[in-house]
Amino acid sequence: CTTLWGCGLDPQRATVRANAVGAMGLAEIPHPVSAAARQRPEQVALRTDSEGVTWSQMARHVARRAAALRQMGVGDDDIVAMRADATVERVQWMHAVTWVGAILAPVDARAPAATTARLLRALCPDFYLVGDDEEIESAASGETLSLSTLRDLVATTPHPTPASPWRLDGPRFRLLTSGSTGTPDAIDLTAGQVLASVLGSAQRLGHAPTDI
């Protein structure tokens, strides 16, 4: 399965079994964006109405943003919350969080400020990335990091940060349960759990090299 790990995901050559991830005997995998940039640098990774971003471009943007996060003290296994807006910039910042080995805790971008503060208390993040239009209770969010400040650091950072590999037994994402009957609970997902889910989904639904 060297192709699988070399490109991040190649379900056309992979067969998923219940114990497939553990049976491979791997302790870690390369960061998916870094791996895809090595194997498919000119393939479009993300497209909007106005632009297309290749994997090599994505990796460069993410690595520079990761360097800015490092400068602000974000490191391995820190929990970083941020609003999950559907923009190219936010996608790159979300990848940058896991690029430095931190745990990404996404927050519903549509939630009002009071709800966001409640969600942050449930997530217990070490850092909260605050966007230009966000006002949040500082007591609910740990240490706040301004995206405008981080952008300034990105503009002056000459050396990008190498990608941290994903330990299969290490947490990579912190998500909230629905909270339909009360306060949501935060749960951590390991890289191994995410990988097994992605491979199972790809086997069921299909995943072509041209997918964006």
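Refer to the structure above for everything that follows.
Every value quoted in this text rests on a predicted model; they were computed, and no experiment measured them.

## Here's the deal with the nonpolar core
Core analysis: the biggest nonpolar cluster contains 41 residues, and L69, V74, W93, L129 and L150 have the highest contact counts within it. The set of elements that each furnish at least two residues to this core consists of helix 3 (32-39), strand 2 (44-47), helix 4 (55-71), strand 4 (79-83), helix 5 (88-99), strand 6 (127-130), helix 7 (147-156) and helix 8 (191-205). With eight residues, the single largest contributor to this core is helix 4. Apart from residues lying up to four places away in sequence, L150 is in contact with A68, L69, M72, W93, L129 and L145. Membership of the second largest hydrophobic core comes to eleven residues, among which are A105, L119, L123 and V130.

## Considering the packing of helix 5 against helix 7
The N-to-C vectors of helix 5 and helix 7 enclose an angle of 75°; their axes lie 13 Å apart at closest approach. Compared by their axis directions, helix 5 and helix 7 come out roughly perpendicular. For the pair helix 5 and helix 7, contact is made by E89, R90 and W93 and by L147, L150, R151 and V154, respectively. Broken down by class, the residue content of the contact of helix 5 with helix 7 amounts to four nonpolar, no polar and three charged.

## Quick notes on unusual backbone geometry
Comment: phi is negative for the bulk of residues other than glycine, and the bulk of peptide bonds are trans. Phi is positive for D77, which is not a glycine, with a value near 65°. Position of D77 relative to the elements: it lies in the loop between helix 4 and strand 4. Even without being a glycine, C124 presents a positive backbone phi close to 50°. With respect to the element layout, C124 can be found in the loop between helix 6 (113-123) and strand 6.

## A closer look at the packing of aromatic side chains
For the coordinates displayed, the defined rule picks out one aromatic pair. Sitting over the ring of W93, R65 keeps its end group 5.4 Å from the ring centre.

What counts, and at which threshold
Residues numbered from 1 in each chain as written. Predicted model: local features only at pLDDT ≥ 70, side-chain atom pairs only at ≥ 80, totals over all residues. Heavy atoms only, no water. Core = buried A, V, L, I, M, F, W, Y, C linked by side-chain atoms within 4.5 Å. Buried < 20%, exposed > 50% of the residue type's maximum accessible area, 1.4 Å probe, protein only. Helix = DSSP H or I, 4+ residues; strand = E, 2+ residues; numbered from the N terminus. Contact = heavy atoms within 4.5 Å. Axes fitted to C-alpha atoms, helices over the stretch in contact; angles between N-to-C directions. Parallel < 35°, antiparallel > 145°, perpendicular 65-115°, else oblique. Nonpolar A, V, L, I, M, F, W, Y, C, P; charged D, E, K, R; others polar. Phe/Tyr/Trp six-rings, centres within 6.5 Å; stacked < 30°, edge-to-face > 60°. Lys NZ or Arg CZ within 6 Å of the ring centre and 35° of its normal.

By themselves these figures say nothing about function.
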